[in-house]
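Listed below, chain by chain, are the residues.
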2 protein chains.
Amino acid sequence: MNGKIKIALADDHNLFRKGVEEILEDFDNMEVLYSVPNGRELIAKLAAAPVLPDVCLLDINMPELNGFETAKMIKDKWPQIKLLAVSVYDTEFNIIGMLRAGAGGYLLKDAQPYALKNAIEQIYKNGFHHSELVTGRILHQLISHPNKTNSAELNEKELQFLKLCCTEMTYREIADVMSVSPRTIDGYRDQLFEKLNIKSRTGLVIYALKSGIALLDEHT
Amino acid sequence: MNGKIKIALADDHNLFRKGVEEILEDFDNMEVLYSVPNGRELIAKLAAAPVLPDVCLLDINMPELNGFETAKMIKDKWPQIKLLAVSVYDTEFNIIGMLRAGAGGYLLKDAQPYALKNAIEQIYKNGFHHSELVTGRILHQLISHPNKTNSAELNEKELQFLKLCCTEMTYREIADVMSVSPRTIDGYRDQLFEKLNIKSRTGLVIYALKSGIALLDEHT
DNA sequence: GGTTGCTACCGTGAAAACACCTTTTTTGAA
DNA sequence: TTCAAAAAAGGTGTTTTCACGGTAGCAACC
């Protein structure tokens, strides 16, 4: 026990992760225990660990096991570990989803190193750190609808539909692919418009891409 | 002159960029001269620089001035500076686009630090570094269609229109913003459909995002 | 049994997006 | 200065998208 904040990192972009490692090691009150490229490996590390980290930095878009799922599993098995979500996108989908999944804070990848240091220290001390990103509106939504299925909990159909929205298919064609009536597709769409506060298919596409539900490099 | 490879970095994700800085400083044959969040600032730095860097690491998706444009401008003004493109996406569009724009190599953000070191050293020495990413097929396309620049033949209006397509604005609203008739907007759209072999607005959005003409995180 | 809630589905009408074809205005090179 | 090309704008009609109100089936739960 040397008094340092023990940290674990999970991010599939190796350069980014190694870079953050270096940055953290420069802070004299922090040390990196584990550094892995996805959630599954992080869980495995924790399960086999002689010493648990105090804080985990979690990327949201990871292969194998994404940030949401990883956060839930960690909070389930090791509730004392504090979680800090890290992402490129500042969408409500991601922020609310990660906070609900148990993260104590949310940091963007364009943050400055001192902001990272600050966030980790606050999360270590208080269990949470809320930057200006987490607005009153988002906090309000978290508090007032704690059980309501939020955007982070879209069902399988909605996810599949969202992915198909990011193609040049018409809704009729999407209905065909999903083997449902075009009216049902209308329903999926209207439901997503409502849930995500969106008004057009273009909005759905942007959302699906920002949230990582659909990926840019999937359609060639 | 200390014999070190002089490097400049341009990437809008501060944590990533600072992390890469740290990684590079660990290599005893490299030093970071400039580190900026976008292409415009990099150009400004270079224009005012007492010492030019040997190699520039360029992110593709940056605000202000993206990787393609930045690469072209640098190669135009300072052809002796070697360029290494860095991106999360391994799409042909990006790879070919950056190589055409003058980059000597293409590296993914999930690369390991030694791969980064290796790439920089090779580019410094030979002017290029081709990982397994750059397949024979891509090289062939580069050679056989040397003039077919992917997005370069789009004019200012079309670029602005494409960006506005990636919002929830209707065409009528876009026409208003661009101060032209809705019919003119129809023209821009149909022209892009023709040029890019696209059939819907969704297709335009995907194209704009893939190509870096529009960015997911600049939604303002 | 009735109520609640959820999912799939339908009808209609309005708005937006798309296709095709024509006219006017601008531009710029011969 | 003239002519041709390109850009901007218009007319018209079809298809797709979106909004709204509603029905049918099914499971859970007092």
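Just so you know, these numbers come straight off a predicted model, no measurement behind them.

What counts and how
- Residues numbered from 1 in each chain as written.
- Chains lettered and ligands numbered in written order.
- Predicted model: local features only at pLDDT ≥ 70, side-chain atom pairs only at ≥ 80, totals over all residues.
- Heavy atoms only, no water.
- Helix = DSSP H or I, 4+ residues; strand = E, 2+ residues; numbered from the N terminus.
- Buried < 20%, exposed > 50% of the residue type's maximum accessible area, 1.4 Å probe, protein only.
- Areas by Shrake-Rupley, 256 points an atom, 1.4 Å probe, with all protein chains shown as cover.
- Least-squares fit on C-alpha atoms with pLDDT ≥ 70 in both.
- Contact = heavy atoms within 4.5 Å.
- Buried area = accessible area lost by both parts, 1.4 Å probe.
- Salt bridge = Lys/Arg side-chain N within 4 Å of Asp/Glu carboxyl O.
- Polar contact = N/O pair within 3.5 Å; in protein donor to acceptor, adjacent residues only side chain to side chain.
- pLDDT = per-residue confidence, 0-100.

Asker: What should I look at first to understand the overall build of chain A in this one?
Answerer: Looking only at helices and strands, chain A features 10 helices and five strands. Buried positions account for 54% of the 220 residues belonging to chain A. Summed over all atoms, the accessible surface of chain A reaches about 10000 Å², with 50% contributed by carbon and sulfur.

Asker: Honestly, the relation of the copies chain A and chain B in this entry has me stumped. Any pointers?
Answerer: Each of the two chain copies goes to the other by way of a rotation about an axis and a shift along it. Rotating chain A by 179° and translating it 0.3 Å along the rotation axis places it on chain B, where the RMSD comes to 2.8 Å. Such values leave the two copies arranged in the relation of a two-fold axis. For chain A, the smallest separation between a C-alpha atom and the rotation axis is recorded for A:Gly19, amounting to 1.5 Å. Both copies contact each other with a shared surface, as 98% of the interface residues of chain A are interface residues in chain B too.

Asker: Would you take a moment to explain the interface of chain A and chain B for this structure?
Answerer: How big an interface is tends to be stated in terms of accessible area lost as the parts join. Between chain A and chain B, the contact holds 40 residues from the first and 41 residues from the second. Buried area between chain A and chain B, summed over both chains or domains, comes out near 3400 Å², and the portion from carbon and sulfur atoms is 64%. The largest per-residue losses of area from chain A upon contact with chain B belong to A:Leu15, A:Glu168 and A:Leu216, which jointly make up 24% of the total buried on that side. In this assembly, chain A and chain B are joined by zero salt bridges. Connecting chain A to chain B are 14 residue pairs in polar contact (both at pLDDT 80 or more). Examining the composition of the side of chain A that touches chain B, we find that nine residues originate from one element, helix H1 (residues 14-26) of chain A, more than from any other.

Asker: Whenever I open this one, the confidence of the model for chain A confuses me. Can you help?
Answerer: Reading predicted coordinates in detail is not appropriate for stretches of low pLDDT. All names here are of chain A. Averaged over every residue, the pLDDT of chain A is 86; the share at 70 or more is 87%. The weakest mean pLDDT in chain A belongs to helix H6 (residues 136-144) at 60; the strongest belongs to strand S1 (residues 5-10) at 96. Note that residues 147-152 has pLDDT below 50 and, in this model, nine contacts with residues that lie over four places away or in other chains.

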